[in-house]
Structures are given as structure tokens and as C-alpha cells.
Amino acid sequence: MRPVRHVSLVAVAIAAVFFSIWARGQGIDYSKIEIETEKIAPNLYLLSGSAGADPGHQDAAGGRIGVLTGPDGIFMVDSQYAQITDKVVAAIRKLSPEPLRFLVNTHLHIDHTGGNANFVKMGALLLAREELREEMSRPPAPAPAGNAAAARDPARLPAVTYGLGDPIKLRLNGEIVDLIPVRAAHTGGDTMIRFENADAIMIGDFYRNYGYPFIDTNNGGTLKGALEALDATMKIAGPNTRLIPGHGTIITRADLVPYRDMILNVQAKVQQMINDGKSEQEVLAAKVTAPYDAKVPGGLLPAGAGTSADRFVRMVYSQLKAGN
């Protein structure tokens, strides 16, 4: 067992001052985010940001974190926004005093990876897909003061990477943890994390029940891969397996069926309109998601918003036109 590595959070607090200035400009007030804890199994917990402070994720700020505790040290799934690391650490310390040993990223996005460097500096070994590291290694876009340093911090990059193939198994704290790589779905470097004994799988963001699917084609995500990921999840999950998305409510395998069928139905309608020579604007005007709009929480967000119907349909159209 490694000794606990004591790391001051003073630097994080100082950085948060600079981050908060930038965040208000983006509509996120990190000072209002509180961390809520949900127990899934005797030593498996989920941490979520409170609702209402994050315009991009109205149901709960940022991405959901998994925490497996025990004498072998803490295993984490995702790291949330960097600006709230101190709050996440405080929530973890209410669960366990053990050292942070492992951190795994489900995918690239900043609400899941923003705190990487902070947790690595506290002793966590960071694991993720090779594709995720490649995306993170690209020169960052110009960023406001305070955010630029975090974007360049090499500690944010995974130290251990893997590609497609058989799951990686970790055995700790009485649990068997499977890191299951997913073909390009929500992004180009997705991973599901299965806790075998708890019968729970953290599936990241290729499924979400708040808003329409968001497939980030700019970062390697594909419509075909998202459908494959849903099918793969249904194959490995049992009827009572808890499927834990990065955002939204916990579901079971049965809940994936109507979600997949909705995507397939929209895909078929858009494909037919493409075959008929319709333009993107004509497809959008046809409101092909209308049968689902009232049933999808957040689905009627303004056009262009991350989970809006229009953005989803634009993605489907572009993927089909490109033959993906």
C-alpha cells in the first residue's frame, strides 16, 4: 500500500479565482455548484454537481463521477470541472481517507476531464484511451487568463493508454473493474467502466436521457459508433444492471431499446429525405423529431444548444451525407 500523499489545495483555490472570472463569462457560476453523493453499492458512490448552475447541463452541473473506496485506495471515474476540485475532494474525504490511486476518463470533454491534473498531482494514476490522449495533446485554442495554464498542464494527460480490444481488468477493494473501450461513439476515445460485483456500468455520454443525443463529430464521435455502443451495452448488461450515464438518470438495459429505436427512426427519416434530394434546411423544417419532442426532457432547447433537436438532426444529416 502506498502512503497517503498530502497535497495542498491552495493552488487549486488560487486558480479557481481566475477560473471564476472566465466561468461567469460562459454562464457557469462554479461557486454555486454543490456536490451531491449517491451510494450505489457498499463501497461504490456517484458524485454529481447540483442542478441549475451549469447552462450546458441543467439537470446536474458537469459530468458524473464514480468513486470506488476501500483499503486498496480510491478508484475514480472522471474528474469534473477543474474549478470545483476542492469540492469534489471534500465529498470524497467524507467517504474515505484512503489515497487516490486510479483515475479513468470515460471521454474527452472538459466536464469529465477538467480536474485531471489536480487529481494526478494528488497521486492518482490516470488511464484513458490513446485517442483521448491524442486529442488532449493538441495545442489548445486561445483561452482566457487562468484557463490557459490548466489547458497546457502535462499532468492532465493519461499516463497509461489503451486502444480497442479486450477490456482491461483491475482488481481492488473487493471489486473487479473492467475498462471497456468503445468504438468511436460520443467521441473518438470512449470507455465504459463496469463494476462486476456491484452490477453497474458507467457508460459515459453516448447515452443521455436529458436532451437529444450529442455525438461530438469534431472530436471523433460517429452516429454509427454510437449505435454500436448502445448495442454493445445491451449485450454486456444484465436485466438488472444499473447503467449510469454521465448525465441524467440511472437506467437499465430495457431503457436503451426505445432510445436506440428513436435514433434509428430519425436516421431513417433523414436518410429518406436525403435520397429525395432534400437540403439540410428542408430536413430541419420537416421536424422529424416531432413525435419525441414532448417526451425528451431538454429536447426543445433553443436551436444549436448541445442537446437540442435541431443540433441532433444536423448531426444525423451530416453523418449520413458523409456516409458515416
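This text follows the structure it describes.
So, a few notes on the structure that sits alongside this text.

Considering all chains together, one arrives at three cavities of 30 Å³ or more under this definition. By volume, the largest cavity is sized at about 50 Å³. In terms of lining residues, the largest cavity is bounded by Ser48, Asp59, Ala60, Ala61, Gly62, Gly63, Arg64, Gly246, His247 and Gly248. Looking at side-chain class alone, the lining of the largest cavity contains two nonpolar, six polar and two charged residues.

A separate point is the sheet that holds strand β6 (residues 125-129). Taken in spatial order, the seven strands make up an open sheet running β1-β2-β3-β4-β5-β6-β7, and their pairing is mixed. The two strands at the open ends of the sheet, each matched to only one other strand, are β1 (35-41) and β7 (160-162). Each neighbouring strand pair of the sheet contributes to a mean axis angle of 20 degrees, computed without reference to strand direction. Here three bridges tie strand β3 (residues 65-68) to strand β4 (residues 74-77), and the two strands are oriented antiparallel to one another. In the strand pairing of β4, Leu68 is matched with Phe75. Across the sheet, helix α2 (residues 85-93) is in contact with β1, β2 (44-49), β3, β4 and β5 (100-104); its angle to β1 comes to roughly 40 degrees. Of the strands in this sheet, β6 and β7 touch helix α5 (residues 130-137), which is tilted by about 100 degrees from β6.

Okay, the environment of His57 next. If you trace the backbone, His57 turns up in the loop between β2 and β3. On a C-alpha basis, the gap between His57 and Gly211 in space is 9.6 Å, while along the polypeptide they are 154 residues apart. Sequence-distant contacts of His57, defined by excluding residues within four places in its chain, comprise Gly62, Tyr81, Asp111, Arg208 and His247.

The next thing to look at is the sheet that holds strand β8 (residues 168-172). Spatial strand order, β8-β9-β10-β11-β12: five strands in an open sheet with mixed pairing. In the strand order of this sheet, the two ends are held by β8 and β12 (242-245), each with one partner. Neighbour-to-neighbour, the strand axes of the sheet open up by a mean angle of 20 degrees, direction not taken into account. Where strand β10 (residues 190-195) lies against strand β11 (residues 200-204), three bridges are found, and the strand directions are antiparallel. Within β11, the residue paired with Arg194 across the bridge is Ile201.

With that settled, the discussion passes to the packing of helix α8 (residues 253-275) against helix α11 (residues 309-321). The contact between α8 and α11 brings their axes to 10 Å, and the two run at 60 degrees. By the angle class used here, α8 and α11 are oblique. The two elements α8 and α11 cross, and the hand of that crossing is right-handed. Packed against α8, whose contacting residues are Met262, Ile263, Val266, Gln267, Val270, Gln271 and Ile274, the element α11 presents Phe312, Val313, Val316, Tyr317, Leu320 and Lys321 at the interface. Residues of the contact of α8 with α11, tallied by class, amount to 10 nonpolar, two polar and one charged.

Bridge count between β8 and strand β9 (residues 175-182): five bridges; the pairing is antiparallel. Along β9, the bridge assignment pairs Lys169 with Asp178. The turn joining β8 and β9, which pair antiparallel and follow one another in sequence, is formed by two residues; a positive phi near 55 degrees is taken by Asn173.

Enumeration according to the criterion identifies 10 salt bridges in this entry. Of the charged contacts in the structure, one is a salt bridge between Arg138 and Glu135, with a shortest N-O distance of 3.2 Å. With a closest N to O distance of 2.9 Å, Lys169 and Asp178 form a salt bridge. For Lys169, a relative accessible area of 41% translates into the label partly exposed. Within this structure, Lys169, Asp178, Arg194 and Glu196 form a network of salt bridges that share partners.

Reading the values: the criteria
- Residues numbered from 1 in each chain as written.
- Predicted model: local features only at pLDDT ≥ 70, side-chain atom pairs only at ≥ 80, totals over all residues.
- Heavy atoms only, no water.
- 1 Å grid on protein atoms, 1.4 Å probe; cavity = no way out; pocket = protein on both sides within 12 Å on 5 of 7 lines; lining within 4 Å.
- Points joined across faces, edges and corners; volume = space filled by probe spheres on them.
- Nonpolar A, V, L, I, M, F, W, Y, C, P; charged D, E, K, R; others polar.
- Pairing = 2+ DSSP bridges.
- Helix = DSSP H or I, 4+ residues; strand = E, 2+ residues; numbered from the N terminus.
- Axes fitted to C-alpha atoms, helices over the stretch in contact; angles between N-to-C directions.
- Contact = heavy atoms within 4.5 Å.
- Parallel < 35°, antiparallel > 145°, perpendicular 65-115°, else oblique.
- Left-handed = near helix turned anticlockwise from the far one by under 90°.
- Salt bridge = Lys/Arg side-chain N within 4 Å of Asp/Glu carboxyl O.
- Buried < 20%, exposed > 50% of the residue type's maximum accessible area, 1.4 Å probe, protein only.

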